[in-house]
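# Architecture and fold: a report
Listed here are the chains, written in short residue letters.
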Amino acid sequence: MDHTDVSIETLLWECQRLRAVEAVAQSMQTSQDLAVRCETALHTLNTCVPAMALCIHWADVEHKTLHMLAHVACGVGYLANMQQIRLDRAGGETWDIQQCQSVLVEDLVAAGSGPLDIEAVSSALPGVRSYCCVPLWFEDVWEGTLLAFFAAPLAADAREVVILSSCTSYVAAALARERPLTHLTREHRRLLTILDQMPGGALIAEATSGTITYINAMGAQLLGYPEQSLVGKPFHTCSDAPAENSDDLRFDRPLCSWNFALTRALCGEGIHAQETLVTRRDGERRFLLCSSAPLPEADGEVREALLIFQDISSPMQLDQQRSAFVALVSHELRLPVTVIEGFTDLLLLLADQGQALTESVGKHALDTILQQCENLVHLLDGMMDLTHLGRGSLSIHPTMIDIVAFLRSFVEISLRISPSARIDLVVKGLKPDEPLQGLFDEGRLKQILHNLLSNALKYSPAETEVELGVRWNRVRPGEILLWVRDEGIGIPEDDLPYIFQRYYRARTHARNCDGLGLGLFLVKELVTRLGGHIWVTSHIGKGSTFFLRFPLQQR
């Protein structure tokens, strides 16, 4: 080949290089997304540089990481191993990010090591033999790298390396222009990720129309709306005024609606940790702890506001229940104490005046005092058992007893305390005077039946009868069934699933009789600890029946 042929070949190659540079420059100057521009530039380069794959990574110097922005791979799939490259772990050595020269690994087989992990490169690109890494510098800032992988060994002065190096300035300039925007985008995504993962609600609203521009999933759940239906909707259209005080929510101070905190923030005034109330679309009320802050622009004008809120319904309701419980205890204690004090004063007055005490008056006074003392003991025992249940220290001491004889004795004592009561004992499955031995905690069983029988008498008309029954089935000799049946006011069907909950009182009961709402809760806990099961059937105006099934253990 003579000198003229060499000059023509060089000239043609130079024209090819310049065309590649011009095409890359034009690709990077369009108005498209940076990733799209970079991918277009890589396709252009690939027509001039027959590489297995071409990649552009932008540099995160602070975290010593390269992030893939665009890639073109011929005949291979997604380059998963190349999405992120750790500069301090690449090839097992620290990659000097201050280098200005291209890095060329001419032959992977012969080199054995390099800036990139050879196993990762071979896994991503089977058959690769060499690669070139060209740094992308703009002025004094390293913006990223251009990586090219080849199927054959490559010399340091290869034309492919020259073409790649010639195009880097345009790509670096484009990365430099986009870096502030990319940083803002990353920070925006990072902030949204934080808000999305918050355990409480987060909402951002625009100031002019109050339109919700963002709400996380927890926020939508707390407000009771689908997430997608809230974005783009004025926040005041999905908020309700605080509901009036009702039986199930008792307020010791006025509460504002949750959107009040957001309105204040849109006016430029933030609010910290304010208790508010939301009435959800389904009618459920929840307490929210809200904090809000205005989001001013650079000129100081507030165009958006942020609201952070969390559900505090459980602790608030617990606090309300505690207050209500203290009030109920005070009332329940005051009533028997007042009665005892009244009859004691009467007896003392008669004694001071020297008046004779008739047998009927004395007996009535003493019976009343005894009954009120029993009520006090019952109340205090229930409170102590509640404390033991909370600590897990409730004691059970089973002994062998005759359950039929126990029930007869229990009825006799109950009639002695309440002579006007009508209590009928029913025994099924046993012969007359046949004993039924079993292992029970006599004191706890008496406590259970006392609660149920007291309720039956309390909520039944005086002329009606209360039935206490026991049944033993020879087909299933390992268990017994007890029941307490009354002909009283009954329990509403809606209340039945909740009557064994702590502090719960059925609507028909709460208005008619005193009580703490602890009796049936303690009954269920005691029955469970004795290995039994309790359930109830009831009809309004006809009465209720509480059933108890216990294992009949012989030892």
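Our subject is the structure that appears above.
Presented here is an overview of the structure given in this document. Predicted model only: the values in this text are computed from it and were never measured. (Residues numbered from 1 in each chain as written. Predicted model: local features only at pLDDT ≥ 70, side-chain atom pairs only at ≥ 80, totals over all residues. Heavy atoms only, no water.)

### Re the overall build of the protein
Operational definition: Here a strand is any run of E in DSSP of at least two residues, a helix any run of H or I of at least four, and the numbering for each starts at the N terminus. A 1.4 Å probe rolled over the protein chains alone gives each residue an accessible area, and that area as a share of the maximum for its type sets the label: buried under 20%, exposed over 50%, partly exposed in between. We call two residues contacting when some pair of their heavy atoms lies within 4.5 Å. Residue burial considers only the protein chains on display, and all accessible areas are found by Shrake-Rupley using a 1.4 Å probe.
The helix and strand tally for the protein stands at 14 helices and 19 strands. Burial statistics for the protein: of 555 residues in total, 41% are counted as buried. The contacts in the protein between residues at least 6 apart in sequence include a share of 58% that link residues at least 24 apart. Carbon together with sulfur atoms contributes 54% to the accessible area of the protein, which is approximately 29900 Å² in total.

### Looking at helix α8 (residues 259-266)
Let me state the cut-off plainly: Note that the arc is computed from the directions linking the helix axis to the C-beta atoms.
For α8, the complete set of buried residues consists of Asn 259, Ala 261, Leu 262, Ala 265 and Leu 266. Taken down its axis, α8 places every buried residue within 155° of arc, on the same side. Turning to α8, the residues buried within the fold contact β7 (201-206), β9 (256-257), β10 (271-279), β11 (285-296) and β12 (302-311).

### Structural notes on the nonpolar core
Test applied: Throughout, nonpolar core names a set of buried Ala, Val, Leu, Ile, Met, Phe, Trp, Tyr and Cys residues whose side chains join them through atoms within 4.5 Å.
Ranked by internal contacts, the top residues of the largest apolar core, which has 40 residues, are Ile 403, Ile 448, Ile 480, Phe 546 and Phe 550. Setting aside residues up to four positions removed in sequence, Ile 403 forms contacts with Leu 436, Phe 440, Leu 445 and Ile 480. Trp 13, Leu 45, Leu 136 and Leu 164 belong to the second largest nonpolar core, which has 33 residues in total.

### Focus: the packing of aromatic side chains
In this description, an aromatic ring pair is defined by two values, namely the gap between the centres and the angle between the planes. So the rule is basically this: Centres within 6.5 Å are what make two rings of Phe, Tyr or Trp a pair, Trp counting through its six-membered ring; a difference in plane orientation under 30 degrees is then read as stacked, over 60 as edge-to-face, and the rest as tilted.
Applying the stated rule across the entire model yields 5 aromatic pairs. Judged by centre distance (6.4 Å) and plane angle (20°), the rings of Phe 406 and Phe 410 are stacked. On the criterion of helical spacing, the pair formed by Phe 406 and Phe 410 is a turn pair, its members being 4 residues apart in helix α11 (residues 403-417). Classification of Phe 406 by relative accessible area gives buried; the value is 7%. Summarising the aromatic geometry, the rings of Trp 535 and Phe 547 are spaced 5.3 Å apart at their centres and angled 15° between planes, so their arrangement reads as stacked. Of this pair, Trp 535 sits in strand β18 (residues 533-539) while Phe 547 sits in strand β19 (residues 543-551); the two residues are 12 residues apart in sequence, bridging distant segments of the chain. In this structure Trp 535 comes out as partly exposed when scored by relative accessible area, which is 26%.

### Remarks on the sheet that holds strand β14 (residues 423-428)
Sheet strands line up and pair through hydrogen bonds in the backbone, either parallel or antiparallel. As a reminder of what qualifies: Only strands joined by at least two bridges in the DSSP assignment are considered to pair. Convention adopted: a line fitted to C-alpha atoms gives each axis, helices being fitted over their contacting stretch, and angles between N-to-C directions are expressed from 0 to 180 degrees.
The strand order across the open sheet built from 5 strands is β14-β16-β17-β19-β18, with neighbouring strands paired in mixed fashion. At either end of the open sheet lies a strand with only one pairing partner, and these are β14 and β18. The sheet shows a mean angle of 15° between the axes of neighbouring strands, taken without regard to direction. The pairing of β14 with strand β16 (residues 466-473) spans 6 bridges and is classified as parallel. Bridge pairing links Lys 428 to Arg 471 in β16.

### Focus on the sheet that holds β7
With mixed pairing, 6 strands are arranged side by side in an open sheet as β8-β7-β12-β11-β10-β9. Whereas interior strands pair on both sides, the edge strands pair on one side only; in this sheet they are β8 (212-215) and β9. Strand direction decides the pairing type here: β7 and β12, joined by 6 bridges, are antiparallel. Looking across to β12, one finds that Ile 204 is bridged to Leu 306. Packing against the sheet, α8 makes contact with β7, β9, β10, β11 and β12, and its axis sits at approximately 155° to β12.

### Concerning unusual backbone geometry
Unlike most non-glycine residues, Glu 139 shows phi in positive territory, near 55°. Mapped onto the elements, Glu 139 comes out in the loop between β5 (130-138) and β6 (141-150). The class for Glu 139 is exposed, based on a relative accessible area of 68%. Within the chain, Asp 433 stands out as a residue other than glycine whose phi angle is a positive 65°. Considering the arrangement of structural elements, one finds Asp 433 in the loop between β14 and β15 (437-440).

### Thoughts on the environment of Leu 520
Mapping Leu 520 onto the fold places it in helix α14 (residues 519-529). Between the C-alpha atoms of Leu 520 and Asn 451, which are 69 residues apart in sequence, the distance is 7.4 Å. Dropping the residues within four chain positions of it, Leu 520 is found in contact with Leu 452, Asn 455, Ile 499, Phe 500 and Phe 546.

### Concerning the side chain of Asp 60
Structurally, Asp 60 can be placed in strand β1 (residues 53-60). Residue classification places Asp 60 among the buried positions, given a relative accessible area of 9%. Each residue touching Asp 60, except ones within four places of it in the same chain, is listed here: Thr 65, His 67 and Arg 186.

### Some thoughts on the side chain of Thr 145
By the element assignment, Thr 145 lies in strand β6. The contacts of Thr 145, once residues within four sequence positions are left out, are Cys 55, Ile 56, His 57, Leu 66, Cys 133, Val 134, Pro 135 and Leu 136.

### Section: the packing of helix α12 (residues 442-458) against α14
To keep it simple, the criterion reads: Crossing handedness is read from the near helix: turned anticlockwise from the far helix by less than a right angle, it gives a left-handed crossing, and turned clockwise, a right-handed one. Side-chain classes are defined by residue name, with Ala, Val, Leu, Ile, Met, Phe, Trp, Tyr, Cys and Pro counting as nonpolar, Asp, Glu, Lys and Arg as charged, and the others, Gly among them, as polar.
Running from N to C, α12 and α14 cross one another at 145°; their axes reach a closest spacing of 10 Å. As for the relative orientation of α12 and α14, their crossing is left-handed in sense. On α14, the residues that touch Arg 444, Gln 447, Ile 448, Asn 451, Leu 452 and Asn 455 of α12 are Gly 519, Leu 520, Val 523, Leu 526 and Val 527. Tallied by class, residues from the contact of α12 with α14 come to 6 nonpolar, 4 polar and 1 charged.

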